[in-house]
Structures are given as structure tokens and as C-alpha cells.
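An overview of the molecular structure
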Amino acid sequence: MQLFDNANGREQSEYDLSQLENHRRIQLFQLLSLVGIAMLLTFGGVSFFRGALWLSLLLVGIGMIGVLNMVWLHVQRNYVGAAVVLASCVTFLNLVLVATGGVANTGLLWVYPTAAIVIFVTGYRAGFALSSLLLVSCVIVLFWPDNPWLTADYPSEVKIRFLATLVSLLIACLGSEMVHVHSRVRVQALHSRVQSAAITDTLTKLPNRRFVTEHCIRRGFFDRSFEGGTLILADVDRFKRINDEFGHDTGDHVLEKIAEYLDRTTRDEDVIARWGGEEFLILLPGVNLQQAWNRADEIREGLTLETFDDLSEPVTMSFGLVHIESGKSADKLLNQADKNLYEAKASGRNCVVG
Ligand SMILES: Nc1nc2c(ncn2[C@@H]2O[C@H](COP(=O)(O)OP(=O)(O)OP(=O)(O)O)[C@@H](O)[C@H]2O)c(=O)[nH]1
């Protein structure tokens with residue numbers, strides 16, 4: 001069972017903003033597609049009854065491609081592919097409308113929403129390429145000398161103003177999409193920093209109690225399905241005396257060194273957290289009680305050999321262990337580990353009970 005994304009409980013941002021945005025974008029894409037399909041089928045039907053058979057076939061045909069595209073997106077979950085299909089279809093349809101004038105020479109009008117939709121559904125990079133293609137194609141269709149495809153009759157003032165307004169719209173859409181993407185990257189980075197700060201102890205840089213309670217418990221560490229492991233509460237002995245004799249700064253330094261020592265002497269998959277004050281929590285996944293007892297005793301003994309610059313005596317810790325059994329709540333396990341730690345303190349400290 002994968003408990004943590006990274007060693008020592010450092011999780012990736014679980015609330016990924018870009019994922020959330022992609023999800024919203026797909027929803028809007030589907031809404032736009034539905035509206036587009038409904039319009040294409042309606043206009044296709046109207047054109048049919050007006051006798052414009054080719055236009056009717058084109059509109060209904062592209063509407064049907066839209067339906068298939070939505071089904072494909074639903075089955076394959078390939079948003080990029082579906083966006084390119086949609087952008088290509090509407091671009092092609094627009095060029096036909098620009099060339100033929102559509103109904104009552106209104107073909108040019110449809111280019112505006114198309115340009116905005118293409119940029120929105122494909123993002124600003126692909127949107128830039130596709131909308132530039134649309135723009136260049138419109139210029140060719142409208143200004144190519146004696147273009148046989150151009151059957152609509154637009155005054156040159158209309159053509160020029162159409163291009164000028166289209167360029168303005170493209171700049172505005174691309175600009176706002178770029179600003180949006182850059183802001184999202186900044187917000188995502190800030191969000192990750194805040195999230196990481198909320199689950200990290202500022203002094204020792206270890207995961208804090210909040211991390212353990214919110215993330216480990218929620219991610220099933222103490223669930224029935226959990227494969228087993230051992231939980232250890234470890235507390236520095238007579239820490240108040242260190243503070244009183246050597247000062248609070250020295251006390252802080254000792255806690256930092258202990259955190260660094262615990263981190264160094266445990267495996268990547270273990271979780272070391274500062275449980276509060278001078279107390280640390282160690283989670284050893286897949287380690288039975290006897291193995292954990294041996295590991296805790298090694299850690300205990302190793303600590304007595306560590307040197308702490310400002311202190312004349314070695315620093316010691318007491319350990320309370322509990323085996324994580326399926327079905328036992330986190331509270332019960334923590335209570336049991338705390339009782340064992342209390343017993344270790346009562347038995348003279350610098351020992352392991354579990
Ligand atoms: N320097 C420093 N001291 C802290 C910090 N957090 C808690 N303390 C101190 O840790 C001390 C804990 O004292 P006690 O709970 O009496 O425990 P102890 O002296 O370690 O005694 P035993 O646990 O019974 O061995 C208190 O004096 C707290 O002020 C911290 O972040 N930095």
C-alpha cells in the first residue's frame with residue numbers, strides 16, 4: 001500500500017489547481033460542444049427546408065462529427081485530441097461561411113466566437129497557432145485576386161474592418177489566456193508553499209502533528225486494510241532541565257539535532273514527525289513489534305553516542321511502542337503508545353517499552 005508520495009511523509013499538493021482547472025475546462029468544452037451541435041443541427045434543418053442542400057449537409061455533417069467527438073472524449077478521455085478535432089471543424093466551417101457568406105452575408109460574424117472558442121479550448125500556445133491559421137486563411141479567402149471560392153460579395157471596407165476587429169479580438173483573447181496561465185502557475189506555487197508550511201514543523205523541518213492526524217489517518221494508515229506496522233512515541237528525557245540550565249536556544253538546537261538524527265537513522269518509507277514539544281512520532285510500516293523494539297533500542301543507544309556541542313551530558317530518549325492492528329482506531333493506538341512511553345519514563349527513562 002502506497003502511504004506517501006515522497007519519503008518522510010512529504011506529500012504532493014493533493015489539491016492540484018491545474019487539475020481542477022482542466023476538469024472545469026472539459027466541462028465547459030462539453031457545454032460549448034452541446035450548444036454548437038444544437039445550433040448546427042437547427043441551422044442545418046432550416047437550410048434544408050430553405051433548399052440550401054449543400055449548406056444543410058455541411059452543417060449537419062459537422063454537427064455529427066461534434067457528437068462523435070464528444071463520445072470519443074467520454075470514452076478515451078483524450079481532451080487534447082477532442083479539442084483539436086473541434087477547433088479544426090469550426091475553423092473549416094468558418095472558412096466556408098466566410099467564402100460563401102452563409103445566410104444573408106453573415107458568414108464573417110461567426111469567425112469571432114470561433115476564434116475565442118479555439119483559443120479557450122486549446123490553450124494559448126495551440127490557440128495562437130490555430131487562430132493565426134484562421135486569420136491567415138481568412139486573409140487568403142477574402143483578398144486572393146479572383147478567388148473562385150469567394151462567392152460572397154463583401155465591400156472592401158467590411159473586409160478590412162472585419163480583419164482589424166478580428167486581430168483585436170485575437171490579441172485580447174490570447175493576452176487574457178496568457179495572463180490566466182501565468183497567474184495560475186504563481187497561485188499553484190504559492191498554494192504548494194502554504195500547504196507544505198501547514199504540515200511542517202518550523203523548528204525541525206519534520207512533518208508536524210497536523211500532517212500525521214490529517215494525512216496519515218485520512219490515507220488509511222490505521223485502517224482495517226493496513227498491512228501492519230509499528231507506531232512509536234519518543235520523548236526527550238529531562239528536557240526541561242536542558243532548557244533551564246543551558247537556555248531555550250540550546251534546547252531548540254538539541255531538538256533540531258535529534259530530528260536530524262532520527263531522520264538519518266530511519267528508512268525512507270518510515271515517517272518521522274514532531275508530535276509536539278520534545279516528543280516525536282515514528283511510524284514504521286511493515287515492521288512487527290519485536291523488530292520495531294530492536295530498531296527503537298538501536299536509535300536510543302545511538303543517541304547516547306551523539307555529541308551536542310553545548311551539553312556536557314549525553315541526551316537520552318524514552319520510547320513507547322504499539323503494533324498497528326487492523327481495526328484499532330488511531331486514538332486507541334496513540335493512547336497505548338503514550339501509556340507505554342509513560343511506563344518507560346516511570347522505569348527510569350532512556351528505555352523502550354512496547
Ligand atoms: N527549547 C524548547 N523547549 C521546548 C519546546 N517545546 C517544549 N519545550 C520545553 O520542553 C519541556 C518539557 O518539559 P517536561 O514536560 O517537564 O518534560 P521533561 O523535562 O523532558 O521530563 P520528562 O519528559 O519526564 O523526562 C518544557 O520545559 C517545555 O517548555 C521547544 O520548541 N523548544
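These numbers were taken from a predicted model, which means no experiment stands behind them.

About the cut-offs
Residues numbered from 1 in each chain as written. Predicted model: local features only at pLDDT ≥ 70, side-chain atom pairs only at ≥ 80, totals over all residues. Heavy atoms only, no water. Buried < 20%, exposed > 50% of the residue type's maximum accessible area, 1.4 Å probe, protein only. Helix = DSSP H or I, 4+ residues; strand = E, 2+ residues; numbered from the N terminus. Pairing = 2+ DSSP bridges. Right-handed = clockwise from strand over helix to strand, strands pointing away. Phe/Tyr/Trp six-rings, centres within 6.5 Å; stacked < 30°, edge-to-face > 60°. Lys NZ or Arg CZ within 6 Å of the ring centre and 35° of its normal. Near = heavy atom within 4 Å. Polar contact = N/O pair within 3.5 Å; in protein donor to acceptor, adjacent residues only side chain to side chain. Areas by Shrake-Rupley, 256 points an atom, 1.4 Å probe, with all protein chains shown as cover. Nonpolar A, V, L, I, M, F, W, Y, C, P; charged D, E, K, R; others polar. pLDDT = per-residue confidence, 0-100. Contact = heavy atoms within 4.5 Å. Patch = residues over 30% accessible without salt bridge, like charges linked within 9 Å, V, L, I, M, F, W, Y side chains within 5 Å. Salt bridge = Lys/Arg side-chain N within 4 Å of Asp/Glu carboxyl O.

Let's talk about the pairing of strand S4 (residues 317-324)
Burial analysis of S4 places seven of its eight residues in the buried class, the great majority of the element. With eight bridges connecting them, strand S1 (residues 229-236) and S4 associate as antiparallel partners. In the sheet register, Leu233 faces S4, and the bridge partner there is Gly320. Of the crossover connections in this fold, the one passing from S4 over helix H10 (residues 330-346) to the parallel strand S5 (residues 352-353) is left-handed.

Some details on the packing of aromatic side chains
This structure, assessed with the given rule, holds four aromatic pairs. Both rings, one in Phe29 and one in Tyr79, keep their centres 5.3 Å apart while their planes meet at 75°; by these two values the pair is edge-to-face. Here Tyr79 lies in helix H3 (residues 79-100) and Phe29 lies in helix H1 (residues 17-49), a separation of 50 residues in the sequence. In this structure, Phe29 and Tyr79 share a single accessibility class: buried. When the centroid spacing of 5.4 Å and the interplanar angle of 80° are considered together, the rings of Phe48 and Phe49 count as edge-to-face. In this structure, Arg25 is placed above the aromatic ring of Phe120, and the distance from its NZ or CZ to the ring centre is 4.9 Å.

Details of the site of the ligand
The immediate surroundings of the ligand are formed by 16 residues, with Arg238, Phe239, Asn243, Asp252 and Arg274 found nearest. Within the side chain of Arg349, one N or O atom sits 2.9 Å away from an oxygen atom of the ligand. For the ligand, the accessible surface in isolation is 670 Å², of which the surrounding protein chains cover 66%. Counting residues per element, the ones that place at least two in the shell around the ligand are S1, helix H7 (239-246) and helix H8 (248-264). Ranked by residues supplied to the shell around the ligand, first place goes to H8 with four residues. Each residue belonging to the shell around the ligand can be placed in one class, and the counts come to three nonpolar, four polar and nine charged.

Re the confidence of the model for the chain
Residues of the chain with pLDDT of at least 70 account for 92%, and the chain-wide mean is 88. In the predicted structure, residues 1-14 sits below a pLDDT of 50 and forms 43 contacts with residues beyond four places in sequence or in another chain.

Focus on a nonpolar patch on the surface
On the surface, Leu28, Leu31, Val35, Met39, Phe43, Leu109 and Trp110 cluster together to form a nonpolar patch covering roughly 620 Å² of accessible area. Residue position: Leu31 is located in helix H1. Given a relative accessible area of 49%, Leu31 falls into the partly exposed group.

Focus: the pattern of salt bridges
This structure, assessed with the given rule, holds 13 salt bridges. The partner of Arg241 in a salt bridge is Glu313, with the nearest N and O atoms 3.7 Å apart. One end of the pair, Arg241, is in helix H7; the other, Glu313, is in the loop between helix H9 (289-305) and S4, and 72 residues separate them in sequence. Overall, the relative accessible area of 41% leaves Arg241 in the partly exposed class. One salt bridge in this structure joins Asp297 and Arg300, with 2.8 Å as the shortest N-O distance. Residue Asp297 and its partner Arg300 are both found in helix H9; the two are separated by three residues, about one turn of the helix. Considered together, Asp297 and Arg300 belong to a single accessibility category, that of buried residues. Bridged by salt links that share partners, the residues Arg267, Glu269, Asp270 and Arg295 form one connected network.

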